[in-house]
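Okay, here's what each chain looks like letter by letter:
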Amino acid sequence: DQQVKQNSPSLSVQEGRISILNCDYTNSMFDYFLWYKKYPAEGPTFLISISSIKDKNEDGRFTVFLNKSAKHLSLHIVPSQPGDSAVYFCAASDSSNTGKLIFGQGTTLQVKP
Amino acid sequence: DTAVSQTPKYLVTQMGNDKSIKCEQNLGHDTMYWYKQDSKKFLKIMFSYNNKELIINETVPNRFSPKSPDKAHLNLHINSLELGDSAVYFCASSQDPGARITEAFFGQGTRLTVV
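Residues numbered from 1 in each chain as written. Chains lettered and ligands numbered in written order. Predicted model: local features only at pLDDT ≥ 70, side-chain atom pairs only at ≥ 80, totals over all residues. Heavy atoms only, no water.

Caption draft 1: Region of interest: the overall build of chain A. The helix and strand tally for chain A stands at 0 helices and 11 strands. In sequence order, chain A lays out its α and β elements as β-β-β-β-β-β-β-β-β-β-β. Within chain A, the fraction of its 113 residues that count as buried is 47%. Contacts in chain A between residues far apart in sequence, at least 24 positions, make up 55% of those at least 6 positions apart. Approximately 5300 Å² of chain A is accessible, and the part contributed by carbon and sulfur atoms is 48%. Computed over 11 positive and 10 negative side-chain charges, the separation of the two mean positions in chain A equals 3 Å. (Helix = DSSP H or I, 4+ residues; strand = E, 2+ residues; numbered from the N terminus. Buried < 20%, exposed > 50% of the residue type's maximum accessible area, 1.4 Å probe, protein only. Contact = heavy atoms within 4.5 Å. Areas by Shrake-Rupley, 256 points an atom, 1.4 Å probe, with all protein chains shown as cover. Lys, Arg positive; Asp, Glu negative; His and termini not counted. Charge placed at Lys NZ, Arg CZ, Asp CG, Glu CD.)

Pasting the structure below:
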């Protein structure tokens, strides 16, 4: 039972345009959400996070939006750059304080020059 | 200076062998984890340790045994390797999850291939 889902396996956008990556979750106990970026042959690196008490968090070109009623979050990258080409993972944690992250299956973003 | 380092990066071994993957973090974090990324690219937690104490033990075969000699190290030992154990194994660390700082820092991964 996959509690965090990224239904788009891949996304291709033109450099300078907006990239929107989506993530859905089913567990209402999740209260903290994270996005990770992964290049080939490297480990995931933390990108941005959002607490369930917020609906938006912005960090430079990256903005994460959270819609709790829809159990949906999205990552916006504006403007997209070729160096953003990577696999993006959505992850969620609950209030159990174990640090356990539940990951989606990832979306491969390709930004074309 | 690598924050979370794993060795080896690649590991090819025969079925039935016993192997270990080592992990070290120099971030001063209290909690360390092992995640497995299978052929379908899902990243799933296997174990976590907080200050050398086992916190999470997901449904993992007993052939997998984590060992934490100190809070900066978390090694993974796998007995009697099977073909289905082939995957990429990631070590990670984070500050005290109780502080709700759950951003985990990952190592570069160990690609295990069982033949």
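There is more to say after this.
Caption draft 2: Highlighting a nonpolar patch on the surface. Residues and elements named next belong to chain A. A contiguous nonpolar surface patch, about 220 Å² in accessible area, is contributed by Ile 18, Ile 20 and Val 78. Summarising the element assignment, Val 78 is placed in the loop between β8 (72–77) and β9 (86–94). Judged by its relative accessible area of 40%, Val 78 falls in the partly exposed class. (Patch = residues over 30% accessible without salt bridge, like charges linked within 9 Å, V, L, I, M, F, W, Y side chains within 5 Å. Salt bridge = Lys/Arg side-chain N within 4 Å of Asp/Glu carboxyl O.)

Caption draft 3: Quick look at the interface of chain B and chain A. The interface is formed by 22 residues belonging to chain B together with 23 residues belonging to chain A. For the pair chain B and chain A, the summed buried area comes to about 1900 Å², and 58% of that belongs to carbon and sulfur atoms. Linking chain B to chain A there are 1 salt bridge. Ionic pairing is found between Lys 100 of chain A and Glu 58 of chain B, a salt bridge with its closest N-O pair at 3.1 Å. (Buried area = accessible area lost by both parts, 1.4 Å probe.)

Caption draft 4: The pairing of strand β5 (residues 43–50) of chain B, seen in detail. Residues and elements named next belong to chain B. Among the 8 residues in β5, 7 count as buried, and that is most of the element. Judged from the 7 bridges that link them, strand β4 (residues 31–37) and β5 form a sheet pairing that is antiparallel. The residue bridging Thr 31 from the neighbouring strand is Asn 50, located in β5. Between β4 and β5, which pair antiparallel and follow one another directly, the connecting turn spans 5 residues, one of which, Lys 41, has a positive phi of 75°. Note that β5 and strand β6 (residues 53–57) share 4 bridges and pair antiparallel. Note that in β6 the partner of Phe 47 across the bridge is Asn 57. Taking the residues that link successive antiparallel strands as the turn, the β5-β6 hairpin has 2 residues, and the phi of Asn 51 there is positive, at about 50°. (Pairing = 2+ DSSP bridges.)

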